[in-house]
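# Per-entry structural report
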Amino acid sequence: MFIENPLNSSALAFPVLECFHIVGFALSIGTIAIVDFSLLGVGMRRQTPAQLAKDTWLWTLGGLILMLFSGLLLFSSDPDMYYLNWPFLIKMVFFIAAVIFHYTIHRKTVSTDTPPPNGKLVACVSLVLWCGVIFGGIFIGFVYPGLGIGGV
Amino acid sequence: MLLSFVQWLQFTGFFTALRGSAYAYPIVMSLHMVGIALFGGMVMLTDLRLLGWSMRKHSIADVVNQFRVPKRWGLLLTVTCGFLMFGSKAEEYYYNAFFRTKLILLTLVLVQELVFYRSVYADPAALDRAPAIPVNAKLAAALSLLLWTSIACCGRGIGYIEPPLDKIHAQMLPHSGYEGEIALCFSSRPTP
């Protein structure tokens, strides 16, 4: 017996969840980008990347949790479609890689006040991974199962 | 006049190509989102600092002044990509209620900026000298958070409305009595 997902009985649920998803990623990826740009020497130059990371980690985590839970609910509305959607699968690969990278190598890089010499590389990798997540998310809506991008 | 402008805009060669391309349109949309993450992240952190909820170890002046220029770059990326998306479906956007609301909210953001410019944004160091964060600054931050979040949500809403352009066009035809003849012209066109 199938149980109907209550999300699908309301036309508003999906778009409202998407709004939470947007706020969540702006907060998490935005705060991570601030630290990354600091590692690259752009933006907040009067603070060290380590200071910025200490100031923003809680907001990053809050944004990630908001993004993750709204994302799981969005996924639950039509799991089969997402499973067959290749940008979604690429997005998940980027997302898992980005989260692991963020809480291992990235965290270690910004743990000391003078960032190690590979700080800039770490910042670039972090930015590329998170951009991959965003691009994957957008392309989900442009791919139809069995067809290429834009239905061609 | 505005209507004929948006119609002209979307049928320029550039926007016709953008509308028809399978990759360029979603790439522009993705870059719009990257801009939102960069700009939105900085806006939220600045506003949260003004509210006294984040980055309290650094002065308000430090946060506001250092984010000023990067925020402009983030906004420039977001607005440029937003304009490209608007241009490729300009007539639809013209009738889209969420797009209209979004434009009104963007105007309100500008008003907010002008109203609080002198008391908050022009001299953030003065806010640091005050014994507590002035109510004015907190109000400005709360309004900014509310407005920008609403703008992002309206943006998402645009994609959920598809104004019925064919019906709108049919209603706009002048009722001159020639409709029948025009239809006849098309139906009796010789096949090549």
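Quick summary incoming for the structure in this document. (Residues numbered from 1 in each chain as written. Chains lettered and ligands numbered in written order. Predicted model: local features only at pLDDT ≥ 70, side-chain atom pairs only at ≥ 80, totals over all residues.)

### Some thoughts on the overall build of chain A
- A tally of helices and strands in chain A yields five helices and zero strands.
- Along chain A, helices and strands appear, N-terminal first, in the series α-α-α-α-α.
- With respect to the principal axes defined by its C-alpha atoms, chain A has extents near 55 × 30 × 25 Å.
- Taking as baseline every contact in chain A between residues at least 6 positions apart, the subset at least 24 positions apart corresponds to 75%. (Helix = DSSP H or I, 4+ residues; strand = E, 2+ residues; numbered from the N terminus. Contact = placed C-beta atoms within 7 Å.)

### Some words on the overall build of chain B
- The secondary structure content of chain B amounts to 10 helices and zero strands.
- When the elements of chain B are put in sequence order from the N terminus, they spell out α-α-α-α-α-α-α-α-α-α.
- In terms of overall dimensions, chain B has a C-alpha envelope of 85 × 35 × 25 Å along the principal axes.
- For chain B, with 192 residues in total, the buried portion stands at 31%.
- Look at the contacts in chain B between residues 6 or more apart in sequence, and 79% of them connect residues 24 or more apart. (Buried ≥ 20, exposed ≤ 12 C-beta atoms within 10 Å, placed from the backbone.)

### A look at the nonpolar core
- Ranked by size, the top nonpolar core spans 69 residues in total, and within it Ala26(A), Ala33(A), Ile34(A), Trp130(A), Ile134(A) and Ala37(B) carry the most contacts.
- Contact partners of Ala26(A), with chain neighbours within four places excluded, come to Ile36(B), Ala37(B), Gly40(B), Gly41(B) and Met44(B). (Core = buried A, V, L, I, M, F, W, Y, C linked by C-beta atoms within 7 Å.)

### Re the interface of chain B and chain A
- Listed per partner, the contact involves 28 residues of chain B and 28 residues of chain A.
- Those elements that place two or more of their residues in the side of chain B that touches chain A are helix H3 (24-51), helix H4 (60-88) and helix H8 (135-158) of chain B.
- The biggest single contributor to the side of chain B that touches chain A is H3(B), with 13 residues.
- Looking at side-chain class alone, the side of chain B that touches chain A contains 17 nonpolar, eight polar and three charged residues. (Nonpolar A, V, L, I, M, F, W, Y, C, P; charged D, E, K, R; others polar.)

### Thoughts on the environment of Val115(B)
- Relative to the helices and strands, Val115(B) resides in helix H6 (residues 97-121).
- The spacing of Val115(B) and Ala140(B) is 25 residues in sequence and 8.9 Å in space, taken between C-alpha atoms.

### Quick look at unusual backbone geometry
- Despite not being glycine, Met55(B) shows a phi value in the positive range, around 50 degrees.
- Mapped onto the elements, Met55(B) comes out in the loop between H3 and H4.

### So, the environment of Gly13(B)
Residues and elements named next belong to chain B.
- Take Gly13: it is sitting in helix H2 (residues 13-20).
- A count of 7 C-beta atoms within 10 Å places Gly13 in the exposed class.
- Sequence-wise, Gly13 and Val69 are 56 residues apart; in three dimensions their C-alpha atoms are separated by 34 Å.

### Looking at the environment of Thr31(A)
- Position of Thr31(A) relative to the elements: it lies in helix H1 (residues 13-39).
- Look at Thr31(A) and you get buried, because 28 C-beta atoms sit within 10 Å.
- Expressed as a C-alpha distance, the spacing of Thr31(A) and Thr56(A), which sit 25 residues apart in the sequence, is 6.3 Å.
- With residues near it in sequence (within four places) discarded, Thr31(A) still touches Thr56(A), Trp59(A), Thr60(A), Gly63(A), Gly41(B) and Leu45(B).

### Remarks on the packing of H1(A) against H8(B)
- Put simply, H1(A) and H8(B) touch, their axes get as near as 10 Å, and they point 130 degrees apart. Compared by their axis directions, H1(A) and H8(B) come out oblique. In this structure, H1(A) meets H8(B) at a crossing whose hand is right-handed. Residues Pro15(A), Glu18(A), Cys19(A), Ile22(A) and Val23(A) of H1(A) pack against Thr149(B), Ala152(B), Cys153(B), Arg156(B) and Gly157(B) of H8(B).
- For the contact of H1(A) with H8(B), the class distribution of residues is six nonpolar, two polar and two charged. (Axes fitted to C-alpha atoms, helices over the stretch in contact; angles between N-to-C directions. Parallel < 35°, antiparallel > 145°, perpendicular 65-115°, else oblique. Left-handed = near helix turned anticlockwise from the far one by under 90°.)

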